[in-house]
Amino acid sequence: MSTLKEFRMDIKPNWCPGCGDFSVLAAIQKSVVSLNIEPEDMALISGIGCSGRISGYVNVYSMHTMHGRALAVAQGVKLANPDLNVICAGGDGDGFGIGLNHFAHAARRNVDITYIVMDNQIYGLTKGQMSPTSPHGMETKSSPGGNPEQPVNPLQMALASGSSFIAQAFSGDVKQLMSLIEQGIKHKGFSFINVFSPCVTFNKILTYEFFKKNLVILEEKKGYDPSNRGMAFNIVEETSSMFTGVLYKNERKTLTESLPKGSGTNMLRQGYFSLNESMKDKLIKRFI
Amino acid sequence: MSTLKEFRMDIKPNWCPGCGDFSVLAAIQKSVVSLNIEPEDMALISGIGCSGRISGYVNVYSMHTMHGRALAVAQGVKLANPDLNVICAGGDGDGFGIGLNHFAHAARRNVDITYIVMDNQIYGLTKGQMSPTSPHGMETKSSPGGNPEQPVNPLQMALASGSSFIAQAFSGDVKQLMSLIEQGIKHKGFSFINVFSPCVTFNKILTYEFFKKNLVILEEKKGYDPSNRGMAFNIVEETSSMFTGVLYKNERKTLTESLPKGSGTNMLRQGYFSLNESMKDKLIKRFI
Amino acid sequence: MEELTIVIGGEQGEGIESVGEILTKVLSQMGFSLYGFRNFSSRIKGGHSDFNLRICTGKEIYVNAEKVNILVAFDKASIDLYLDQMDNSSIILFDSKSVKSDSFPLPKDGVIVIEAPFQELASELGSPIMKNMVALGMICALNNQSGSVFHQVIKNRFIKKGTKTAELNIEAFEKGYAFIQEKNLYSIPLGPVMNSKNMFLSGNEAMVIGAIAAGCRFMAGYPITPASEVLENLIQMMPEFGGVVVQAEDELSSIAMAIGASFAGTRSMTATSGPGISLMQEAIGLSGAIEVPLVIIDTQRGGPSSGLATKMEQSDLTAMLGGTHGEIPRIIISPSTVQEALYDMGTAFNLAEKYQCPVFIAADLVLATSKQSAEILDPLKFEMDRGKRVTDEELAEQGKVVFDRFAFTKDHISPRTIPGQKNGTHHATGIEHGETGHPTEDYKNREKMMIKRMNKIETATLGEDIKTEGNGEDLLIIGFGSTYGAIKEASEGFNMKGIKTGLAQIRLLHPFPADQLESLINKARQVIVVENNFTGQLANVIKQHISDHSKIQKLSKFDGRPFKPSDISNFCKELV
Amino acid sequence: MEELTIVIGGEQGEGIESVGEILTKVLSQMGFSLYGFRNFSSRIKGGHSDFNLRICTGKEIYVNAEKVNILVAFDKASIDLYLDQMDNSSIILFDSKSVKSDSFPLPKDGVIVIEAPFQELASELGSPIMKNMVALGMICALNNQSGSVFHQVIKNRFIKKGTKTAELNIEAFEKGYAFIQEKNLYSIPLGPVMNSKNMFLSGNEAMVIGAIAAGCRFMAGYPITPASEVLENLIQMMPEFGGVVVQAEDELSSIAMAIGASFAGTRSMTATSGPGISLMQEAIGLSGAIEVPLVIIDTQRGGPSSGLATKMEQSDLTAMLGGTHGEIPRIIISPSTVQEALYDMGTAFNLAEKYQCPVFIAADLVLATSKQSAEILDPLKFEMDRGKRVTDEELAEQGKVVFDRFAFTKDHISPRTIPGQKNGTHHATGIEHGETGHPTEDYKNREKMMIKRMNKIETATLGEDIKTEGNGEDLLIIGFGSTYGAIKEASEGFNMKGIKTGLAQIRLLHPFPADQLESLINKARQVIVVENNFTGQLANVIKQHISDHSKIQKLSKFDGRPFKPSDISNFCKELV
Ligand SMILES: Cc1ncc(C[n+]2csc(CCOP(=O)(O)OP(=O)(O)O)c2C)c(N)n1
Ligand SMILES: Cc1ncc(C[n+]2csc(CCOP(=O)(O)OP(=O)(O)O)c2C)c(N)n1
Ligand code: SF4
Ligand code: SF4
Ligand SMILES: [Mg+2]
Ligand SMILES: [Mg+2]
């Protein structure tokens, strides 16, 4: 039985007071405790950004990697040790800007990891430039005349990429956030949770108030069927992405399950190994 | 009035006899002639792959760039000179593997270029490894036990990315291919044409015969409305992507049109420039 | 006094930057020479940060002083960090609310310590955040500066938050001013000003102005500390000058877009720091192979990996020199002052077009982020050399032939056309190619092309490839980039003591001015290579070019902090 | 004869590879020493390609011969390329259908030219593509080899296409054999075999076997010539050994996945060539910063950019040495023979885990793609050293404390735990960090951490860091990688002429064995550094480490072709 205390670090996060990421941190810690995961059985891999610092605040095996590449690292961890619970976390710039390619490929591969994006629609760590999810027209340090671009739609991208679990949450509702993270971890396959996690310092548009006013809860929508991809695609459009809850869910084989027979049965993580004669023969038979 | 001859090069393509890319080459040359574009007003930017060699076979301003980065280069060309007709071309690995990120971002930015992918569902140039569009289970040099992954769906990705023109064509039908390329070029904004262009050497599954047997023509589908994104998303699923024609089309502002006022009015492409006093004052006013 | 150093320190977000900006604006307009270094940490709010401003009545200055005359401390860290830099006539003003007077050891004799009611006075006006203006008022009073000249600048700074706010800030300033005057405290008046009107700006800002003045009209970049300011400033300013700036999805895309725009004929650039340079390596190789001009700013910061993003380092030299796979021509320029950063942009774009290759500006964090006084921009220093560009008329005359974009020529540089030019169409590929640009594996062509590409830059020069000062008979100190200021003062110090010291700041890092350096080294008894990195990257380059390593010594600093003049003089003392 | 060289050339896709495979399989099983180089162009079908096989009864060989004894030409290009390598007892067999007998100049006296009905005879059997087996038959007959031993191998090769096809191919072989016998043509019998049983494999294949034998159980890669074979072979073989191989979406992902898998405790690697190394630079820095073991194969090819993908070059040395931004520890191993490539993988994984840093295998195209005879794999040479891995028992004993993953220790190497181990949780970040792994900007810690990371590899060694042969009093020839074969033969040639020549093949490129090399250089009168690149990258490294450059000369070849022994001896002749 793990306890919340075990997952805590004796380090004060360097986030601004009020930053949405505090709730995500708390929700992850609570979720893994409630799922009774032990700290040593969990790997938390994060990208670079304010959000990316999260991996340093949870007492598990954690790696703070490169900007945009966290998912690739996380896939390597999971493929090398499928017994680990692997959570990957980062920001909107990290995941949908520089890292979008790995997002799409991890999703279609259905590697069994949970990917949590703290989507504050801004570049926090670099002090307030527009991000790929900044709304069209938004003024930021790098779009003083308003963002000229149409933003990335992470939910539709996840759908198109074949992600087998897609949900959206809000830092202002930790209970639902926790529940979605728990579902994501339990889901066998790639799960993606986009979290509206306000940046109180640089994003004065997409604030707690804004989300509180505009978000609808998907579960409360009559007739909504989260196993229907087409319906999921359309509801994103209808709600202008302003919802929380499970958008889509569907089970299919994970990459580990799809690999050729024998794969991953002897990863030599611990301990030593020496070549025996039969292995040697297998190795050289083609070359003699 | 440009002529076909002007667009031809005195170079024999190094493609295998029967390669689908020959038709794409011919279709591009014919399309630009029929649109009466002059060779010097066109830039053809390509990635790396068998398909990527196409830019060396058309007598225009052309650049054979890096694996996966052609679209980024092409955006730079177009933003620097919006008068040019910019076509970007490459393979499925180039565009949907290593280059998928730039595809998604170019599409949402709606830079006015035409992107043609020769999708042979294999890595041709490197001699037959699986590509991101190789079907699940397909045996290739790098998937001797069958491809363990679910492929990328380029059409749904384009939809999710906000591409404003999306079509699919087949090297076996040059007339339709030409027509779609022409529509793509004429379309104001980012246009994407996925071309099934068989690799006769390494892909023995997705052959001319296979496509001839399985492709349906979208225009012939009753009630199909290419301005409806949701409908488009669903038809891809219904047909298992086995169609040709215009999947989606919708006009919105291009990036060039959305940039702050003044942008792009003085790109100093030709000729010289010297600082006058008023410009100088504008430059230094903040610093004195 | 001829010079004065003021440090204002506190947590990030306490308004330190505003104080600095207002103070420097006024002093710069008055003609003082200034040097201001921002010391900041990589968190957004909180974390110590300070602004170290050196003010001089005469000579130009390129480094902070080691003595602090006035320390304004909003937090205890400021005192901890600067206590041992206090002189026996220095003044410490610390915030009575946030710093306990018994929390730090007593400074040396003569230092005046004042418990200053920054927050208190500001709170009286209803808003404790105005403590920074209170502090500014105190500083001015201590310097014996007229308060009224500051009013307008304070107003301009806060007017966008409303007249009320602006007025309150002026009031806060006055409260601070009065506090010092009432106490009849020491004043440290600055001597008469000797300089003419100056600009005061950071290296980042200088590079932005320089780029636009040089005719750069396309930039694509991706935010990264400490280079983001280049992107941000260009996005802000470029529309006025008719260019285009794009914030790309990553650095792979940034540089590829810039290559595309340059191919299209527009002077183009990108700017990044460490991790971005790593991601750009493949494209750097492409621009070298296809001979497309390109300017790349690398504002070096603490590495490796994410490293120390807000700290000083000069550790990307090997990455710039040889980071891409294979071998390409490239030019690397190292500005050592803000003024050079400005004009080097003009040179960089000219060399990029003349030699048709990538040109790096090897900036560093200290150069990029600290502010220096610089002469008013001189437009005449930006004459454009677009290199071998073929005109439309020449092309018309030549008629319809295959355009040999990569023609072998005497100087190895081939005439260049751009899209839109009739009869100039051509192919550019990163694959080895012949004169027409089309791929060929012919080994003789390959050999010729490599020689053409690699040797064409041999003649590249900045005019002054090594900046030298002093006679280095006894001691020659070599450096690059922003270490210039510290080296200069150390060297001047030695010369005053009669040790014949010279400095050689390498301005052109590649192609390396080996002959010139060798003759300098030959004349010197001792040679020290000063650099902010671990391995001694510049020293290693020098050793590659210069036989007889015996007298070359490395002085490396890699703890994230810039060199102080005394770091250098202490090290050298042992040698000379 | 003691040795014999056979070249089979034609357009790509003409079945040259099959001839080579069958021929070498039989000869290798008989105990001949072999060296086979594939010369191919980067197009898929068409384009000249040839296989140059050197067969030796005795000594080991590491390079092609310069004389060709038998040339089988399916295309004219083969004759054009090899005509001047014909000896006065050589035989040319050219295809009567595709090459006109008057299309090439007459070879020198004594060369026998035979118009061979390859296609004709094959067509008689119904399928002209079997011309390659006809040719094989002719070759065997010329060598006086018994035909029957080939039957089984031909059968094995074609059986998957059906018994009928297999039998027809044997028939084609016999037709060729008979053709030579009937004509009663010259036979070139090979002398008796002196070697024991060998393997015959390429460097790529050797590295794959070596990796698995070393306990590597994760690989992520992305196809790229000439490294794709490593990925393909591992994908094929790994499931049998319980590991996982992933073809990633790009090189950024490949290396990041490998880092993740290594962090998880599995020996992991990636393999790529030039452009891929450029893309991996950022992640290389991460693995250095977080001290995660990693093995990276860089099979160097013609650069820059897309360059000459199927041609030889050794031009990524600077990119491996200093391509990532900032400074990290790294180890670079350069195998110079296939046998070394095999065992170096074991060393590489051991050093990676021992020193907790990235280890490069600096392979090159010639090493990777040409096949050499090598001794049968010796399992004893793969003893595993997993470095400072903490056991579960130690952790249990230690109890629940903060695990200092980056503890400062005497040898600078910190104990390491992996996910799943209780009490071993820790944080790894590319930001500068303290002993616990958590970020800190403290400058004293920074200095210590840099020293720890950078200096820990100082003791790294392969045992034999420089491979030396001969006495280099008169002449020392230095190289790295596959140039070994050519250098060896050139050096042996000089020694036979009484010029005291030594070779020093650098096996450990970093940390550079400077002292050892210096003493070799000191003993020599002349020093030549031989390398396949333009700038002389190895020579430049040497000059960095060794004062007195006066006797160091560069011999660079950068036209895409490997060195021949005579390239080296001709160059050196002028010196000695
Ligand atoms: C390769 C690279 N490019 C740029 C950066 C600088 N950088 C650090 S975080 C970041 C973006 C932060 O935005 P986001 O991912 O949304 O995270 P947030 O800070 O908003 O949580 C950038 C551009 C970097 N670290 N590495
Ligand atoms: C960075 C980089 N990685 C790998 C390669 C090797 N490479 C060249 S083309 C190619 C893929 C080709 O497949 P695709 O894009 O589908 O084009 P096709 O050849 O099928 O037309 C690869 C992996 C490269 N050139 N650059
Ligand atoms: S800048 Fe924004 S995202 Fe970063 S810590 Fe502060 S509130 Fe959070
Ligand atoms: S390998 Fe395939 S894609 Fe490449 S040229 Fe041949 S047929 Fe076309
Ligand atoms: Mg963000
Ligand atoms: Mg393909």
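Everything below is about the structure shown above.
Quick look at the structure, then.

Calculation rules
- Residues numbered from 1 in each chain as written.
- Chains lettered and ligands numbered in written order.
- Predicted model: local features only at pLDDT ≥ 70, side-chain atom pairs only at ≥ 80, totals over all residues.
- Heavy atoms only, no water.
- Helix = DSSP H or I, 4+ residues; strand = E, 2+ residues; numbered from the N terminus.
- Rg over C-alpha atoms; globule rule 2.2 N^0.38 Å.
- Buried < 20%, exposed > 50% of the residue type's maximum accessible area, 1.4 Å probe, protein only.
- Contact = heavy atoms within 4.5 Å.
- Areas by Shrake-Rupley, 256 points an atom, 1.4 Å probe, with all protein chains shown as cover.
- Axes fitted to C-alpha atoms, helices over the stretch in contact; angles between N-to-C directions.
- Parallel < 35°, antiparallel > 145°, perpendicular 65-115°, else oblique.
- Left-handed = near helix turned anticlockwise from the far one by under 90°.
- Least-squares fit on C-alpha atoms with pLDDT ≥ 70 in both.
- Buried area = accessible area lost by both parts, 1.4 Å probe.
- Salt bridge = Lys/Arg side-chain N within 4 Å of Asp/Glu carboxyl O.
- Nonpolar A, V, L, I, M, F, W, Y, C, P; charged D, E, K, R; others polar.
- Pairing = 2+ DSSP bridges.
- Donors = N, O, S within 2.8 Å, 3.2 Å for Na, K, Ca; no water.
- Patch = residues over 30% accessible without salt bridge, like charges linked within 9 Å, V, L, I, M, F, W, Y side chains within 5 Å.
- Lys, Arg positive; Asp, Glu negative; His and termini not counted.
- Charge placed at Lys NZ, Arg CZ, Asp CG, Glu CD.
- Near = heavy atom within 4 Å.
- Polar contact = N/O pair within 3.5 Å; in protein donor to acceptor, adjacent residues only side chain to side chain.

Another aspect to go through is the overall build of chain A. Looking only at helices and strands, chain A features 11 helices and 8 strands. Relative to the 2.2 N^0.38 estimate, which gives 19 Å for 288 residues, the radius of gyration of chain A is 20 Å and therefore close to what a compact globule would have. Considering only C-alpha atoms, chain A reaches an extent of 70 × 45 × 40 Å along its principal axes. Counting over 288 residues, chain A shows a buried share of 68%. Here the contacts in chain A between residues at least 6 apart in sequence split such that 70% fall between residues at least 24 apart. With the model as given, the accessible surface of chain A reaches about 9,400 Å², and the carbon-plus-sulfur share is 53%.

All names here are of chain D. At a minimum axis separation of 10 Å, helix α1 (residues 16-30) and helix α5 (residues 148-158) run at an interaxial angle of 135°. Relative to α5, the element α1 lies oblique. Viewed along their axes, α1 and α5 form a crossing whose handedness is right-handed. Counting all contacts with α1, which are made through Ser18, Glu21, Ile22, Leu23, Lys25 and Val26, the residues of α5 involved are Val149, Phe150, Val153, Ile154, Arg157 and Phe158.

A few words on the packing of helix α9 (residues 229-238) of chain A against helix α9 (residues 229-238) of chain B. Closest axis-to-axis distance for the α9(A)/α9(B) pair is 9 Å, and the angle between their directions is 160°. As judged from the angle between their axes, α9(A) and α9(B) are roughly antiparallel. In the packing of α9(A) onto α9(B), the handedness of the crossing is right-handed. Of the residues in α9(B), those in contact with A:Arg229, A:Gly230, A:Phe233, A:Asn234 and A:Glu237 of α9(A) are B:Arg229, B:Gly230, B:Phe233, B:Asn234 and B:Glu237.

Quick look at the relation of the copies chain A and chain B now. Taken as rigid bodies, chain A and chain B are interconverted by a rotation of 180° and an axial shift of 0.0 Å, the fit giving an RMSD of 0.0 Å. Such a combination of rotation and displacement between the chain copies is what one expects of a two-fold axis. For chain A, the smallest separation between a C-alpha atom and the rotation axis is recorded for A:Asn101, amounting to 2.4 Å. Most of the interface of chain A is mirrored in chain B, where 100% of its interface residues are also at the interface.

Before going further, it helps to spend a moment on the interface of chain A and chain B. Across the contact, 32 residues belong to chain A and 32 residues belong to chain B. For the chain A and chain B pair, buried surface summed over both sides reaches about 2,600 Å², with 55% attributable to carbon and sulfur atoms. When residues of chain A are sorted by the area they lose upon contact with chain B, A:Arg108, A:Gln150 and A:Phe233 head the list and together hold 23% of the total. Summed over the shared surface of chain A and chain B, the number is 6 salt bridges. Note that A:Arg109 and B:Glu149 form a salt bridge whose closest N and O atoms lie 3.2 Å from each other. Those elements that place two or more of their residues in the side of chain A that touches chain B are α4 (92-98), α5 (100-109), α6 (154-161), α9 and α10 (255-258) of chain A. Examining the composition of the side of chain A that touches chain B, we find that 6 residues originate from one element, α5(A), more than from any other. Its residues assigned to classes, the side of chain A that touches chain B shows 14 nonpolar, 12 polar and 6 charged.

A word on the sheet that holds strand β16 (residues 466-470) of chain D. Residue and element names in this part refer to chain D. The strand order across the open sheet formed by 5 strands is β16-β18-β17-β20-β21, and the pairing between neighbours is mixed. For this open sheet the edge positions go to β16 and β21 (552-556), each flanked by a neighbour on one side alone. Going from strand to strand, the sheet's axes swing by 20° on average, the running direction of each strand aside. Of the strand pairs in this sheet, β16 and strand β18 (residues 501-506) are connected by 5 bridges, and their pairing is antiparallel. Within β18, the residue paired with glycine 470 across the bridge is glycine 502.

To continue, consider the pattern of salt bridges. Residue and element names in this part refer to chain C. Counted by the stated rule, this structure contains 73 salt bridges over all chains. Note that lysine 467 and glutamate 340 form a salt bridge whose closest N and O atoms lie 2.6 Å from each other. Here glutamate 340 lies in helix α12 (residues 338-355) and lysine 467 lies in strand β16 (residues 466-469), a separation of 127 residues in the sequence. For the salt bridge of glutamate 492 with lysine 488, the shortest nitrogen-to-oxygen distance reads 3.5 Å. Note that glutamate 492 and lysine 488 are positioned in helix α16 (residues 484-496) at a spacing of 4 residues, about one turn of the helix. Judged by its relative accessible area of 16%, lysine 488 falls in the buried class. Bridged by salt links that share partners, the residues Arg267, Glu353, Arg386, Arg389 and Arg416 form one connected network.

Residue and element names in this part refer to chain B. Distances from the magnesium ion (ligand 6) to its protein donors, namely Asp92 (OD), Asn120 (OD1) and Ile122 (O), fall within the range 2.0 to 2.2 Å. Binding-site remark: the magnesium ion (ligand 6) is held by donors from one chain whose sequence spacing is D-x27-N-x1-I. A residue pair is termed long-range when its members are at least 10 positions apart, and aspartate 92 in helix α4 (residues 92-98) and isoleucine 122 in the loop between β4 (114-119) and α6 (154-161) qualify at 30 residues. The two residues aspartate 92 and isoleucine 122 agree in class, both being buried.

What follows is about the coordination of the magnesium ion (ligand 5). Residue and element names in this part refer to chain A. Within the protein, the atoms that donate to the magnesium ion (ligand 5) are Asp92 (OD), Asn120 (OD1) and Ile122 (O), at distances of 2.0 to 2.2 Å. All donors to the magnesium ion (ligand 5) come from one chain, and their sequence spacing reads D-x27-N-x1-I. The pair formed by asparagine 120 and isoleucine 122 is uniform in burial state, with each residue classed as buried.

This part takes up the side chain of D:Ser305. Take D:Ser305: it is sitting in the loop between β11 (294-300) and α11 (317-322). Residues within four places of D:Ser305 in sequence aside, it is in contact with C:Gly285, C:Leu286, C:Ala289, C:His325, C:Gly430 and D:Pro275.

All names here are of chain C. A grouping of Asp392, Glu393, Glu394 and Glu397 is seen on the molecular surface, where their side chains present a negatively charged patch. As for its placement among the helices and strands, glutamate 393 is situated in helix α14 (residues 392-398). When its relative accessible area of 56% is taken as the criterion, glutamate 393 is described as exposed.

Around ligand 3, a shell composed of 10 residues is seen, among which A:Cys16, A:Cys19, A:Cys50, A:Cys199 and A:Val200 lie nearest. Mapping the residues near ligand 3 onto chains gives chains A and C. Classifying every residue of the shell around ligand 3 by side-chain character gives 8 nonpolar, 2 polar and no charged.

Let us look at the interface of chain A and chain D. The partner chain D presents 67 residues to the 58 residues of chain A that form the contact. Interface area, chain A with chain D, both sides summed: about 5,400 Å², of which 62% is carbon and sulfur. A per-residue breakdown of the area chain A buries against chain D is headed by A:Tyr61, A:Phe287 and A:Ile288, which together make up 14% of the total. Scanning the region where chain A abuts chain D turns up 3 salt bridges. Two residues, D:Lys422 and A:Glu40, come together in a salt bridge whose shortest N-O distance is 3.3 Å. Counting across the chain A and chain D interface gives 30 residue pairs in polar contact (both at pLDDT 80 or more). Looking at the side of chain A that touches chain D, the elements with two or more residues in it are β2 (61-64), α3 (70-80), α5 and α11 (277-284) of chain A. The greatest single-element share of the side of chain A that touches chain D, amounting to 7 residues, is contributed by α3(A). Residue classes in the side of chain A that touches chain D are distributed as 25 nonpolar, 20 polar and 13 charged.

We now examine the sheet that holds β11(D). Residues and elements named next belong to chain D. In spatial order, the strands read β9-β8-β10-β11-β13-β12-β19; together these 7 strands make up an open sheet with mixed pairing. Each of the sheet's edge strands pairs with one partner strand only, and the pair in question is β9 (244-247) and β19 (508-510). The mean inter-strand angle of the sheet, taken between neighbouring strand axes irrespective of direction, is 20°. The pairing of β11 with strand β13 (residues 358-364) spans 7 bridges and is parallel.

Geometric values such as these leave the question of function open.
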